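# Analysis of the macromolecular model
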Amino acid sequence: MEKVREIMREGRRVAKEDPRRVVHSFKVGLVLALVSSFYYYQPLYDSFGVNAMWAVMTVVVVFEFSVGATLGKGLNRVGATLFAGALGIGAHHLASMSGSTGEPILLAIFVFIQAAVSTFVRFFPRVKARYDYSLLIFILTFALISVSGFREDQVLMLTHKRVSTVIIGGLCCVLVSIFVCPVWAGQDLHLLLASNFEKLSLFLLDFGDKYCEAEENDDTKEVVDKRKRNFDNYKSVLNSKSNEESLANFAKWEPGHGQFKFRHPWKHYLAVGELIRQCAYRIHSLNSYYNSDIQVSIDIKKKLGEPLRRMSSEAGKAMKEMSNSLKKMTKPSSSNLHVQNARSAIKSLTNLLDSGILKEVEPQELISLLTAISLLIDIINLTEKILESLHELASAAKFKSKTAKSEKPNAKSIVSVQPTKYHDDHVVTIFEDDDTSKHNNRSNEVPIDEEHETKCVSCNHTSPRDVVECDNVSPK
């Protein structure tokens, strides 16, 4: 009885994890019941005979979870069956011309050559990635038709019935997969990358505070425990390569759907995913130094805390922005600003280190600290590369640019410039209009005209990137 309860709990967990699995199970049952009528219904059975079982076998081996996987397997099976059937008939015809003595010998030679060559071709990486299943079916169908045709007089009729039932079974799978609660592999890949972005952002947003915190007291313990699960979520990104590659392979078979066109640039998703994994490996190494037994003193962490927090948080904000942009299929806009802020924090940290703040630090502690800083800088560099790769994906997929909210005719945009103490660096926040910032502190707000331009008093710069590096901003 306990085992039954355990199975029930496991079933509820699997269904709750992805309710589409329950729907898929019903879809498979529906298609199997449909093609079984070829065996149960007498007029259909009279037409196909026992070959109707090939339709059932086709459904069992072809119907997959996603549309792309089902369509790819279905087309591979049908194509391989047609090709192998034609070659099987040709081989049977050639072998029959050699007489009763030479026919079995020639058939055996044909089967040997076909199986050996097809099996060797399966080792080609590109063929194995997309056509491995079709080659397997090709070997099976050719061998069955060649062998069974030796004892069957009507080999052409036998081939026709088997090919017809395979096509019927594959067509039923494809139609039900597409039109009954479809599961698109391309959409799953798209959401998987967005989720991976978010997992890395959760780590980076929390890392600065966790690394620089002095100690864990009763007041902060509950908050730290709540963050712990999000802090370790990045680990699932480390092993996402095989899943991404299979989803991209399946997505190539899918027809256009929703915002995904027929020739959507899925290879760009793999390029972005590869960079995300590289970043996740750095984060994994960084996490090991956070949990290391060798740590610098609390005083040193306090002195380096502000730039370290900025570096980590700005990289996390950039990742978060990229996740949201990918979900909405819009071009990332503010991620560039977050990367520039992270670069500015690196300069602040470099100035602190050059001031000789680490002179009295023990060598082991110094190595641990500098390695962690180096990894964090490497993560910021990778974040910039990921952003560039995401821009390439957005251009190839023709993502929409973010449109500003509708403004009143005389409304003015606001740039809020908040000077910080990190060696004259600034953090700039852009608001949509006056209404969104009417409750903010207006002492740091600078109104600008309808072209959304700003001007620096000291150097007359007008681009946002240059304004960030200046101290004085005024309306142009």
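What counts and how
Residues numbered from 1 in each chain as written. Predicted model: local features only at pLDDT ≥ 70, side-chain atom pairs only at ≥ 80, totals over all residues. Heavy atoms only, no water. UniProt positions renumbered as here; feature names shortened; annotations may be inferred. Helix = DSSP H or I, 4+ residues; strand = E, 2+ residues; numbered from the N terminus. Buried < 20%, exposed > 50% of the residue type's maximum accessible area, 1.4 Å probe, protein only. Contact = heavy atoms within 4.5 Å. Areas by Shrake-Rupley, 256 points an atom, 1.4 Å probe, with all protein chains shown as cover. Salt bridge = Lys/Arg side-chain N within 4 Å of Asp/Glu carboxyl O. Axes fitted to C-alpha atoms, helices over the stretch in contact; angles between N-to-C directions. Parallel < 35°, antiparallel > 145°, perpendicular 65-115°, else oblique. Left-handed = near helix turned anticlockwise from the far one by under 90°. Nonpolar A, V, L, I, M, F, W, Y, C, P; charged D, E, K, R; others polar. 1 Å grid on protein atoms, 1.4 Å probe; cavity = no way out; pocket = protein on both sides within 12 Å on 5 of 7 lines; lining within 4 Å. Points joined across faces, edges and corners; volume = space filled by probe spheres on them. Core = buried A, V, L, I, M, F, W, Y, C linked by side-chain atoms within 4.5 Å. Expected span 1.5 Å × (residues − 1). Bend = angle between axes of the 7 residues up to and from the residue. Disulfide = S-S within 2.5 Å. Patch = residues over 30% accessible without salt bridge, like charges linked within 9 Å, V, L, I, M, F, W, Y side chains within 5 Å. pLDDT = per-residue confidence, 0-100.

Under an unreviewed UniProt entry, the protein chain has the name Aluminum-activated malate transporter 7 and belongs to Cardamine amara subsp. amara. The record held by UniProt for the protein chain lists under Sequence similarities (unreviewed entry) the comment "Belongs to the aromatic acid exporter (TC 2.A.85) family." You can read under Subcellular location (unreviewed entry) in the UniProt record for the protein chain the words "Membrane".

## Overview of the overall build of the protein chain
Within the protein chain one finds 16 helices and five strands. Burial statistics for the protein chain: of 476 residues in total, 42% are counted as buried. In the protein chain, 76% of the contacts between residues at least 6 apart in sequence involve partners at least 24 apart. Total accessible area on the protein chain is roughly 26300 Å²; 58% of this is exposed by carbon and sulfur atoms.

## Topic: the environment of N239
Of note, N239 is situated in the loop between α10 (218-231) and α11 (241-251). The sequence separation of N239 and R277 amounts to 38 residues, and the corresponding C-alpha distance is 8.2 Å.

## A word on the pattern of salt bridges
Side chains that differ in sign of charge can pair as their charged atoms come close. With the rule as written, the count across this model stands at 17 salt bridges. Between E2 and R9 there is a salt bridge, and its shortest N-O distance comes to 3.7 Å. We classify E2 as partly exposed; its relative accessible area is 49%. Note that D132 and K128 form a salt bridge whose closest N and O atoms lie 3.7 Å from each other. In this pair, D132 and K128 are both assigned in helix α7 (residues 125-151), four residues apart and thus about one turn of the helix distant. You can call D132 buried: its relative accessible area is 18%. Of the residues examined, K128 reaches a relative accessible area of 45% and is grouped as partly exposed.

## Quick look at the packing of helix α9 (residues 185-212) against helix α12 (residues 266-290)
The packing of two helices is summarised by the inter-axis angle and the distance between the axes. Running from N to C, α9 and α12 cross one another at 25°; their axes reach a closest spacing of 10 Å. The angle between α9 and α12 falls in the class roughly parallel. The way α9 lies across α12 gives a crossing that is left-handed. Every residue of α12 that contacts α9 at G186, L189, H190, L193, N196, F197, L200, F203, L204, F207, K210 and Y211 is listed here: W266, Y269, V272, G273, I276, C279, A280, I283, L286, N287 and Y290. Of the residues assigned to the contact of α9 with α12, the class counts are 17 nonpolar, five polar and one charged.

## Here's the deal with empty space enclosed by the protein
Taking a probe equal in size to a water molecule and rolling it over the atoms shows the remaining empty space. In the structure shown here, the tally under the stated rule is two cavities of 30 Å³ or more. Space inside the largest cavity adds up to approximately 40 Å³. Taken together, W54, T81, T141, L144, I145 and R162 make up the lining of the largest cavity. Per element, the largest residue contribution to the lining of the largest cavity is three residues, and it comes from α7. By volume, the second largest cavity amounts to about 30 Å³. Looking at the second largest cavity, the residues that line it are F207, Y211, L308, A372, I373 and L376. Listing elements by their share of the lining of the second largest cavity, those giving two or more residues are α9 and α15 (363-396).

## Re the nonpolar core
With 64 residues, the main nonpolar core has F197, L200 and L308 as its most contacted residues. Secondary-structure elements contributing two or more residues to this core are α9, α11, α12, α13 (298-328), α14 (335-354) and α15. If you tally residues by element for this core, the top one is α15, at 13 residues. Beyond its immediate stretch of four places on either side in the chain, L200 contacts Y234, V237, I276, C279, A280, I283 and M319. Core analysis: the next-biggest nonpolar cluster, separate from the first, contains 17 residues, A55, V56, A84 and Y133 among them.

## What to know about α9
With 28 residues, α9 should cover 40 Å at 1.5 Å per step; its first-to-last C-alpha distance of 41 Å lies within 8% of that length. In the structure, α9 departs most strongly from a straight axis at D206, where the bend amounts to approximately 35°. Counting buried positions along α9 yields 20 of 28 residues, so the element is predominantly enclosed.

## Some words on the state of the cysteines
A complete count under the given rule lists zero disulfides for this structure. Lacking any disulfide linkage, C172 is separated from the closest cysteine sulfur, that of C173, by 7.0 Å.

## Quick word on the UniProt feature "transmembrane region" (unreviewed entry) in the protein chain
Here the UniProt-annotated "transmembrane region" (unreviewed entry) positions come out as residues 21-40, 52-71, 105-124, 131-151 and 163-185. Strand forms 0% of residues 21-40 and helix 100%; the C-alpha atoms that close the span are 28 Å apart. Split by type, residues 52-71 is 75% helix and 0% strand. Its first and last C-alpha atoms lie 21 Å apart.

## A look at a nonpolar patch on the surface
On the surface, I105, I109, F112, I113 and V117 cluster together into a nonpolar patch covering about 490 Å² of accessible area. Residue position: I109 is located in helix α6 (residues 99-121).

## Quick notes on the confidence of the model for the protein chain
Caution applies to low-pLDDT regions: their predicted coordinates should not be interpreted in detail. Taken residue by residue, the protein chain gives an average pLDDT of 79. The fraction at 70 or more is 79%. Per-residue pLDDT stays below 50 along residues 214-224; that stretch engages in seven contacts with residues further than four places along the chain or on separate chains. Scored below 50 in pLDDT, residues 404-458 makes 102 contacts in the model with residues more than four places away or belonging to other chains.

## Let's talk about the side chain of H190
Position of H190 relative to the elements: it lies in helix α9. Not counting the four nearest positions on each side in its chain, H190 is found in contact with F260, Y269, L326, K327, M329 and F399.

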